[in-house]
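# Topology and contacts: notes
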Amino acid sequence: MQLWKGRFKKELSKTTNDFNSSIPFDSRMYREDIEGSIAHATMLGECGIIGKNEAEHIIEGLRGILSDIESGALKIDMEAEDIHTFVEGELTKRIGDDGKRLHTSRSRNDQVALDNKLYLRKQLKGIQSQLEELVQVIARKAEEYSETVMPGYTHLQRAQPITFGHHLLAYAEMLLRDISRLEDCYKRMNEMPLGSCALAGTTYPIDRTITQKLLGFDRITNNSLDGVSDRDYCIELAACLSIIMVHLSRFSEEIIMWCSWEFKFIELDDAFSTGSSIMPQKKNPDIAELVRGKSGRVFGDTMALLTAMKGIALAYNKDMQEDKEAIFDAVDTVKMCLTAFTPMLDTMRVIPENMRKAAAGGFINATDVADWLTKNGVPFRDAYKATGELVARCIELGTDLESLPIEEYKKVCDVFNEDVYKAISLEYCVSQRKAFGGPAPENVRAQAEKLIRN
Ligand code: ARG
């Protein structure tokens, strides 16, 4: 069914209808479409553009459609051109001529921009609370493992000792930025386009502030052309979602490494791992791999939106219908990833002994040897060189800095004495890294406590 039949003599071909139709993907906005139409009808009634009775009649009809869709009594017709067409057609079917008054002073161009914003606002809030939940899981784990020593890496080479809690909290910081990025995106998105009509506003005496208030928008759009042709909020949201996926993907990559036999820092719960059809010993981190893999889709969605928008002359063009599949896919993907990722993290088993063992290899406390010398009066550059010689000696002797005899230390630099051993014990090394932002257990506990909601 088309709304624009009058000018046309022929029916639309089936293939054209299928190609043109957006209902397979925009039907999910039925609630927002009806909510927007109820607000619009209320405003038309209040401004005297349609009769109060007519407005009430329309609103009652729309409410009936909503409850029937929700109960399953009314099926959305997949042959309709889009959700807006379907709802309006159904309304007229139900209430007759008054239904035909609903679209006064409105176009599907401002209607779709409105529906999209109403829908995405909700999705954005949902993703924010999923992120908050993940931050809670991370903070609780960080507190639990605030004293667990593990190697910190650069270039994936063991670098300096840190705590597992500290490592986890790095991800909490990323996710907190994601939450605030979404908050900013919401602020810019929360501007109401309804009343822009097709492109050039309207001659009817509408009051846009009525619909703005009814629908909970902070402001109304200033320019009717921009109101109908802006999709920045989709692009911006997709960009925020892409950054979230970067974070989840990096975290996943580490989880995948950590549960390999080469690391064995953690073990994922059986409920979040899968087996192999041929290799009986295998336990695979498929969830983490899928999250890492799905990041590509979300980046692709962002690229699709940017590309769809970049060459469009003002105002509405049908290219813009492409916004929905891309942004819905990005939203759905991020929601799905968070739904799987959070309980996977929550249920993982941490193996502190293996982290400690890995931290004990690789001369991870070499900087601490140099720092000890520096604190005992040797200039840092000389201390650095002396420590390098000690590491070379350890490699020759097949030992580590903790077990290297004091005579060997003294041969390299006579400032050394027995106190150095205490300073380079891994637990001591991390406990001393207590400058703000560092991995010392007391810092980790303090940061985690700040995050944990009671
Ligand atoms: N389904 C359309 C979309 O998603 C609704 C707007 C249609 N407007 C138009 N002028 N054909 O963009």
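This report concerns the structure included in the present document. (Residues numbered from 1 in each chain as written. Predicted model: local features only at pLDDT ≥ 70, side-chain atom pairs only at ≥ 80, totals over all residues. Heavy atoms only, no water.)

Bringing the overall build of the protein chain into the picture now. Secondary structure summary: the protein chain contains 19 helices and 6 strands in total. Whereas a compact globule of 454 residues would reach a radius of gyration of roughly 22 Å, the protein chain reaches 31 Å, over 25% beyond that. Here the C-alpha coordinates of the protein chain stretch approximately 100 × 50 × 45 Å along the principal axes. Put simply, the protein chain shows about 21,700 Å² of open surface, and 53% of that area lies on carbon and sulfur atoms. Across the protein chain, the 57 positively charged side chains and the 70 negatively charged ones have centroids separated by 2 Å. (Helix = DSSP H or I, 4+ residues; strand = E, 2+ residues; numbered from the N terminus. Rg over C-alpha atoms; globule rule 2.2 N^0.38 Å. Areas by Shrake-Rupley, 256 points an atom, 1.4 Å probe, with all protein chains shown as cover. Lys, Arg positive; Asp, Glu negative; His and termini not counted. Charge placed at Lys NZ, Arg CZ, Asp CG, Glu CD.)

On to unusual backbone geometry, then. In most cases, non-glycine residues show a negative phi, while peptide bonds are predominantly trans. For the bond from leucine 314 to alanine 315, the omega torsion is 0°, close enough to zero to count as cis. Here alanine 315 is to be found in the loop between helix H11 (286-309) and helix H12 (322-347). Not every positive phi belongs to a glycine, and histidine 155 is a case in point at roughly 55°. Overall, the relative accessible area of 74% leaves histidine 155 in the exposed class. (Buried < 20%, exposed > 50% of the residue type's maximum accessible area, 1.4 Å probe, protein only.)

Attention shifts here to the site of the ligand. The ligand sits among Ser22, Asp82, His84, Arg108, Asn109, Val112, Tyr316, Gln321 and Lys324. Take serine 22: an N or O atom from its side chain is 3.0 Å from a nitrogen atom of the ligand. Here an oxygen atom of the ligand sits 2.7 Å away from a polar atom, N or O, in the side chain of lysine 324. A total of 3 residues in the shell around the ligand trace back to one element, the largest contributor, which is helix H6 (residues 108-144). (Near = heavy atom within 4 Å. Polar contact = N/O pair within 3.5 Å; in protein donor to acceptor, adjacent residues only side chain to side chain.)

Time to look at the pairing of strand S2 (residues 157-163). Of the strand pairs in this sheet, strand S1 (residues 149-154) and S2 are connected by 6 bridges, and their pairing is antiparallel. The partner of glycine 152 across the bridge, within S2, is glutamine 160. The antiparallel pairing of S1 with S2 creates a hairpin that spans 2 residues between the two strands, and histidine 155 there sits at a positive phi of about 55°. (Pairing = 2+ DSSP bridges.)

Moving on to the packing of helix H3 (residues 30-46) against helix H5 (residues 83-95). Where H3 contacts H5, the two axes come as close as 10 Å, and the packing angle between them is 55°. In this view, H3 runs oblique relative to H5, as classed from their interaxial angle. H3 and H5 meet at a crossing whose hand is right-handed. Mapping the contact onto sequence places Tyr30, Asp33 and Ile34 in H3 and Ile83, His84 and Val87 in H5. (Axes fitted to C-alpha atoms, helices over the stretch in contact; angles between N-to-C directions. Parallel < 35°, antiparallel > 145°, perpendicular 65-115°, else oblique. Left-handed = near helix turned anticlockwise from the far one by under 90°. Contact = heavy atoms within 4.5 Å.)

Tracing the backbone through its elements, the reader meets glutamine 281 in the loop between strand S5 (266-267) and H11. Residue classification places glutamine 281 among the exposed positions, given a relative accessible area of 60%.

Using the criterion set out here, one finds 11 aromatic pairs in the structure. Between tyrosine 171 and phenylalanine 251, the aromatic rings sit 3.9 Å apart at their centres with planes inclined by 5°, giving stacked as the arrangement. Residue tyrosine 171 is located in helix H7 (residues 164-189), and its partner phenylalanine 251 is located in helix H10 (residues 232-258); the two are separated by 80 residues in the primary sequence. This pair shows no difference in class: tyrosine 171 is buried, exactly as phenylalanine 251 is. For the ring pair phenylalanine 263 and phenylalanine 265, a centre distance of 5.2 Å and an interplane angle of 85° mean the geometry is edge-to-face. Neither phenylalanine 263 nor phenylalanine 265 differs from the other in exposure class; each is buried. (Phe/Tyr/Trp six-rings, centres within 6.5 Å; stacked < 30°, edge-to-face > 60°.)

Now for the pattern of salt bridges. If you walk through the whole model with that rule in mind, you get 31 salt bridges. Its salt-bridge partner being lysine 14, residue aspartate 18 comes within 3.1 Å of it at the nearest N-O pair. Placement of both aspartate 18 and lysine 14 in helix H1 (residues 14-20) is noted, with a separation of 4 residues, approximately one turn of the helix. Judged by relative accessible area, which is 52%, lysine 14 ranks as exposed. In this structure, the salt-bridge partner of glutamate 396 is arginine 393, at a minimum N-O distance of 2.5 Å. (Salt bridge = Lys/Arg side-chain N within 4 Å of Asp/Glu carboxyl O.)

Here we come to the nonpolar core. In terms of nonpolar packing, the biggest core is built from 72 residues, with Leu120, Phe164, Leu237, Leu241, Ile255, Ile266 and Ile327 touching the most fellow members. Looking at this core, the elements with two or more residues in it are H6, H7, H10, H11, H12, helix H13 (352-360) and helix H19 (441-451). For this core, the element with the highest residue contribution is H10, accounting for 15 residues. With residues up to four places along the chain from it excluded, the contact list for isoleucine 255 reads Ile266, Leu268, Ala288, Phe341, Met344 and Leu345. Listed in part, the 26 residues of the second largest apolar core include Leu44, Ala55, Leu74 and Ile83. (Core = buried A, V, L, I, M, F, W, Y, C linked by side-chain atoms within 4.5 Å.)

The next subject is the packing of H7 against H19. Orientation of H7 relative to H19, taken along the N-to-C sense of each, is 35°, at an axis distance of 10 Å. Handedness of the crossing formed by H7 with H19: left-handed. Taken together, the residues of H19 that come into contact with H7 (itself represented by Gly165, His166, Leu169, Ala172 and Leu176) are Val444, Gln447, Ala448 and Leu451. Considering only residue class, the contact of H7 with H19 consists of 6 nonpolar, 3 polar and no charged. (Nonpolar A, V, L, I, M, F, W, Y, C, P; charged D, E, K, R; others polar.)

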